[in-house]
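Examining the three-dimensional arrangement
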Amino acid sequence: MKKTLVLAAALTCAASFAFVGCKEKTAAKAGADFHIGIATGTVSQSEDDLRGAEELIRRYGAVKDGGMIQHITYPDDFMSQQETTISQIVALADDPKMKAIIVNQGVPGTAEAFRRIKESHPDILCFTGEPHEDPLVIQKSADLAVSNDFMSRGYTIVWAAKQQGAKTFVHISFPRHMSYETLGLRRNIMEQACADLGIKFVFETAPDPTSDVGVAGAQQFILEKVPQWIEKYGKDTAFFCTNDAHTEPLLKQLAQFGGIFIEADLPSPLMGYPGAFGIDLTAEAGDFAKILQKVEKTVVDAGGAGRFGTWAFSYGFTVSAGLGEFAKRVVEGTAEKNSSADLFKALSEFTQGANWNGGYYVDQSTGVRAKNQILIYMDTYILGQGFLKTTELEVPEKYFKIKFSK
């Protein structure tokens, strides 16, 4: 599959990672002409997504203070409280000034929420980041869906693990995630990539944090199992998990017992690293150049150079803030809803100097290219080593033809 758009955002600060969010916007924070709603997970499930919403509030003010942004969080156990989640999202449309609603991540129920909103308010823009629902489901009701490029990354993450000396690749997940087309298909691509690159592929099951064990129980399981997995598979093993809550305990144990970690499911220097390595980033909050620098120094000092990776900027943060910025521009008439170039300009507000690649989603069964779902990814950054130019890789065509089956 050839990419339909490539963005190399080597902007004005290619030599350093400047975070534009640190520059105070001059937008008025009183009496906003229109409102933008954004729903994210909580700190325990998806902190970066939430921080991106907070950046929008910092820039444009909260509705309660006369500003533009209305932020809500959906329940941690969104699977068992799906109707509550739907109702919360739909309620945002009751605001007569609401012009756009964003959900990041697009947990199950988002498509139904958007469908209900469009029934009564067809003029409200409905954007979602990282939809959990199958592509054809979310595409029916969303004006735009943005996903990490689960297809390309199925290959690039394994390729990167090979570069770092991995002989085994352990994929950690659970049945709910494996029922999602995006995550299940990526798993299949990873397995094939391992076979082609000479790496042993292993699938390990861990508890779902939305189940009865909760986040704490799921994390405790990872803490207990990682030392056993290292003993079983060896230190030349790369680990990948599909859930944010699993990431911190995984990193913590890999730092102590060995192993390799290329990047998180939704990569960020904030994803798992502060808690796993005891890093206080209070002084660096909002400045990803300094955040990356401090995380890297801490990991390298702990002996993790070349063993741990991330993206230079937070994917979750960027999608929340970037979709909000894009929605604002579309409403104001300075961007086009169907313009991928305008979308990438909005995302680049928060990732200056970073290299992106991506393309429109192509349906596996029909070969039809979507017009409202874009897959994106950034170069992998190995702490203590630097960038692996994953966005410059030519992913073999065969991987885009691998099928998903539940």
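Scroll up for the structure.
Every value quoted in this text rests on a predicted model; they were computed, and no experiment measured them.

Moving on, we get to the packing of aromatic side chains. Under the criterion given, the structure shown has 17 aromatic pairs. Ring centres 6.1 Å apart and planes at 40 degrees place the aromatic pair F150 and Y361 in the tilted group. Taken together, the residues F150 in helix α5 (residues 150-163) and Y361 in strand β11 (residues 355-362) connect sequence positions 211 residues apart. In terms of burial, F150 and Y361 fall into one category: buried.

Here we take up the layout of surface pockets. Which parts of space are left empty comes out when a probe the size of a water molecule is rolled across the atoms. Each pocket or cavity is described by its volume, and for the largest pocket that value is around 630 Å³. Lining the largest pocket are 30 residues, with E47, D48, R51, L270 and P274 positioned closest to its centre. Those elements giving two or more residues to the lining of the largest pocket turn out to be α1 (43-60), α8 (214-233), α9 (244-257), α10 (273-277) and α11 (288-301). Broken down by element, the lining of the largest pocket gets its largest block of residues, 10 residues, from α1. Its residues assigned to classes, the lining of the largest pocket comprises 13 nonpolar, nine polar and eight charged.

The next thing to look at is the sheet that holds strand β8 (residues 200-205). Pairing in this open sheet of three strands is parallel, and the strands run β8-β7-β9 from one edge to the other. Of all strands in the sheet, those with a lone pairing partner are β8 and β9 (237-241), marking the two edges. Here the average twist between neighbouring strands, direction ignored, is 20 degrees. Note: strand β7 (residues 168-173) against β8, six bridges, orientation parallel. Paired with I172 across the strands is E204, a residue of β8. Lying on the sheet, α8 is in contact with β7, β8 and β9; it crosses β8 at an angle near 155 degrees. Strands in contact with α9 are β7 and β9; relative to β9, the strand with the most contacts, it is inclined by about 165 degrees.

Attention now goes to empty space enclosed by the protein. A full pass over the atoms with the stated rule returns two cavities of 30 Å³ or more. The calculated volume of the largest cavity comes to roughly 210 Å³. Surrounding the largest cavity, 20 residues form its lining, Q105, H132, H177, T242 and N243 being those nearest its centre. Those elements that place two or more of their residues in the lining of the largest cavity are α1, α6 (175-178) and α7 (181-197).

All right, on to the pattern of salt bridges then. On inspection of all chains with the given rule, the structure shows 25 salt bridges. Of the charged contacts in the structure, one is a salt bridge between E54 and R51, with a shortest N-O distance of 3.0 Å. Here E54 and its partner R51 are both found in helix α1, three residues apart, which amounts to about one turn of the helix. Put simply, E332 and K328 hold a salt bridge, and the shortest N to O gap is 3.0 Å.

Further remarks concern the packing of α8 against α9. Put simply, α8 and α9 touch, their axes get as near as 8 Å, and they point 30 degrees apart. What the angle tells us is that α8 and α9 run roughly parallel. For the crossing formed where α8 meets α9, the hand is right-handed. Facing α8, whose interface residues are V215, A218, Q219, I222, L223, V226, P227 and I230, α9 presents A245, H246, P249, L250, K252, Q253, L254 and F257. Each residue belonging to the contact of α8 with α9 can be placed in one class, and the counts come to 12 nonpolar, three polar and one charged.

Below, the discussion takes up the packing of helix α12 (residues 315-332) against helix α13 (residues 340-348). Axis separation between α12 and α13 bottoms out at 8 Å; the angle between their running directions is 125 degrees. By the angle between their directions, the pair α12 and α13 is classed as oblique. α13 is crossed by α12, and the crossing has right-handed handedness. Facing α12, whose interface residues are T318, V319, G322, L323, E325, F326 and R329, α13 presents D342, L343, K345, A346 and L347. Split by residue class, the contact of α12 with α13 holds six nonpolar, two polar and four charged.

Residue position: L136 is located in helix α4 (residues 135-138). On the basis of relative accessibility, which here comes to 44%, the residue L136 falls in the partly exposed class. Separated by 234 residues in sequence, L136 and A370 have C-alpha atoms that sit 8.9 Å apart.

Rules used in this analysis
- Residues numbered from 1 in each chain as written.
- Predicted model: local features only at pLDDT ≥ 70, side-chain atom pairs only at ≥ 80, totals over all residues.
- Heavy atoms only, no water.
- Phe/Tyr/Trp six-rings, centres within 6.5 Å; stacked < 30°, edge-to-face > 60°.
- Helix = DSSP H or I, 4+ residues; strand = E, 2+ residues; numbered from the N terminus.
- Buried < 20%, exposed > 50% of the residue type's maximum accessible area, 1.4 Å probe, protein only.
- 1 Å grid on protein atoms, 1.4 Å probe; cavity = no way out; pocket = protein on both sides within 12 Å on 5 of 7 lines; lining within 4 Å.
- Points joined across faces, edges and corners; volume = space filled by probe spheres on them.
- Nonpolar A, V, L, I, M, F, W, Y, C, P; charged D, E, K, R; others polar.
- Pairing = 2+ DSSP bridges.
- Axes fitted to C-alpha atoms, helices over the stretch in contact; angles between N-to-C directions.
- Contact = heavy atoms within 4.5 Å.
- Salt bridge = Lys/Arg side-chain N within 4 Å of Asp/Glu carboxyl O.
- Parallel < 35°, antiparallel > 145°, perpendicular 65-115°, else oblique.
- Left-handed = near helix turned anticlockwise from the far one by under 90°.

Bear in mind that shape data such as this cannot, by itself, settle questions of function.
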